[in-house]
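Notes for the structure review
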Amino acid sequence: MSSPSKRREMDLMKLMMSDYKVEMVNDGINEFFVDFHGPKESLYQGGVWRMRVELPDAYPYKSPSIGFVNKMYHPNVDEMSGSVCLDVINQTWSPMFDLLNVFEVFLPQLLLYPNPSDPLNGEAAALMMRDRAAYEQKVKEYCQRYAKPEDIGAADDQELSDDEMSEDGTESGDEAMVGNPDLEES
């Protein structure tokens, strides 16, 4: 059996080689950000969230800590801290799972099938149970307001368009910095 540090490196490498943008924090492999796209055919489709991931020293025997950095309106996500209420991460984690499972299965399932009976966001849970149409509208508003790709830097890898360039061919003023997040959680 491989050591936890080798497994950590292997899982992180698999995530980096997938379609996810991964940004390391402080050049270590225990803490990083992953850009996560809302699942297709969901209320969250088109949204992009920056996820903060922290791997404990005992990973994969102990689950990773996962949280949304930009705001998310969902019964099982704390709106202020971004913490996620997901049994498979918080209680039933197994070393058989890896980081790709988190981003390709667990988080999409959470967004597709919210559980209002076990909420971290009581307001979202109550609204979902009381008025589904109003809940769905609020989710869409949050996606438009807080989960645009340019707001989390997902568009950084694309070349700047002509109107984002100044006459001398450099990035123009402060506009190039708009939307880049601080590393502090809100």
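Residues numbered from 1 in each chain as written. Predicted model: local features only at pLDDT ≥ 70, side-chain atom pairs only at ≥ 80, totals over all residues. Heavy atoms only, no water.

With an unreviewed UniProt entry as reference, the protein is termed E2 ubiquitin-conjugating enzyme, source organism Rhynchospora pubera. Here the protein is described in UniProt, under the heading Sequence similarities (unreviewed entry), as follows: "Belongs to the ubiquitin-conjugating enzyme family." (UniProt positions renumbered as here; feature names shortened; annotations may be inferred.)

For the rest of this paragraph, the subject is the UniProt feature "active site" (unreviewed entry) in the protein. Following the UniProt record, one finds the feature "active site" (unreviewed entry) at Cys85. In this view, cysteine 85 contacts Asn76, Asn90, Leu110, Asp118 and Leu120; residues no more than four positions away in its chain are not counted. (Contact = heavy atoms within 4.5 Å.)

Here we come to the sheet that holds strand S2 (residues 31–37). Either a parallel or an antiparallel arrangement is found when strands of a sheet pair, and the pairing is made through backbone hydrogen bonds. An order of S1-S2-S3-S4 is seen for the four strands of this open sheet, with the pairing classed as antiparallel. Edge positions in the open sheet fall to strand S1 (21–24) and strand S4 (65–68), since each of these has one partner strand only. In this sheet, neighbouring strand axes are inclined to one another by 25° on average, regardless of whether the strands run parallel or antiparallel. Each of S1 and S2 is contacted by helix H1 (residues 4–17), which is oriented at about 130° to S1, the strand it contacts most. (Pairing = 2+ DSSP bridges. Helix = DSSP H or I, 4+ residues; strand = E, 2+ residues; numbered from the N terminus. Axes fitted to C-alpha atoms, helices over the stretch in contact; angles between N-to-C directions.)

Glancing now at helix H3 (residues 99–112). Along its 14 residues, H3 runs 19 Å from first to last C-alpha, staying within 8% of the 20 Å computed at 1.5 Å per residue. Taking the largest bend as the criterion, H3 deviates by roughly 30°, centred on phenylalanine 106, and proline proline 108 comes between one and four positions later. Every buried residue of H3 is listed here: Leu99, Leu100, Val102, Phe103, Phe106, Leu107, Pro108, Leu110 and Leu111. Structurally, H3 contributes buried residues whose contacts are with H1, S2, strand S3 (48–54), S4 and helix H2 (87–90). (Expected span 1.5 Å × (residues − 1). Bend = angle between axes of the 7 residues up to and from the residue. Buried < 20%, exposed > 50% of the residue type's maximum accessible area, 1.4 Å probe, protein only.)

For the structure on display, the rule yields 10 aromatic pairs. Through a chain of ring-to-ring contacts, the aromatic side chains of Tyr59, Trp93, Phe97 and Phe106 assemble into a single cluster. (Phe/Tyr/Trp six-rings, centres within 6.5 Å; stacked < 30°, edge-to-face > 60°.)

A word on the environment of methionine 96. Looking at where methionine 96 falls in the secondary structure, it is placed in the loop between H2 and H3. Sequence spacing of methionine 96 and proline 60 is 36 residues, and the spatial spacing of their C-alpha atoms is 8.1 Å. If near-sequence neighbours (up to four positions away) are discounted, methionine 96 is found in contact with Arg7 and Asn101.

So, on to the nonpolar core. Ranked by size, the top nonpolar core spans 39 residues in total, and within it Leu15, Phe32, Phe103 and Leu107 carry the most contacts. At eight residues, the largest contribution of residues to this core is made by H3. (Core = buried A, V, L, I, M, F, W, Y, C linked by side-chain atoms within 4.5 Å.)

Turning next to unusual backbone geometry. Residues tyrosine 59 and proline 60 are joined by a peptide bond in cis, for which omega reads 15°. Mapped onto the fold, proline 60 is located in the loop between S3 and S4. Phi at glutamate 41 takes a positive value of approximately 60°, unusual for a residue other than glycine. With respect to the helices and strands, glutamate 41 occurs in the loop between S2 and S3.

Turning to the pattern of salt bridges, a few remarks are in order. Enumeration according to the criterion identifies eight salt bridges in this entry. Residue aspartate 11 is joined to arginine 7 by a salt bridge in which the shortest nitrogen-to-oxygen separation is 2.8 Å. Of this pair, aspartate 11 and arginine 7 are both found in helix H1, four residues apart, which corresponds to roughly one turn of the helix. One salt bridge in this structure joins arginine 132 and glutamate 136, with 3.2 Å as the shortest N-O distance. Separated by four residues within a single helix, arginine 132 and glutamate 136 lie in helix H5 (residues 132–146), roughly one turn from each other. The structure contains a network of salt bridges with shared partners spanning Glu23, Asp35 and Arg50. (Salt bridge = Lys/Arg side-chain N within 4 Å of Asp/Glu carboxyl O.)

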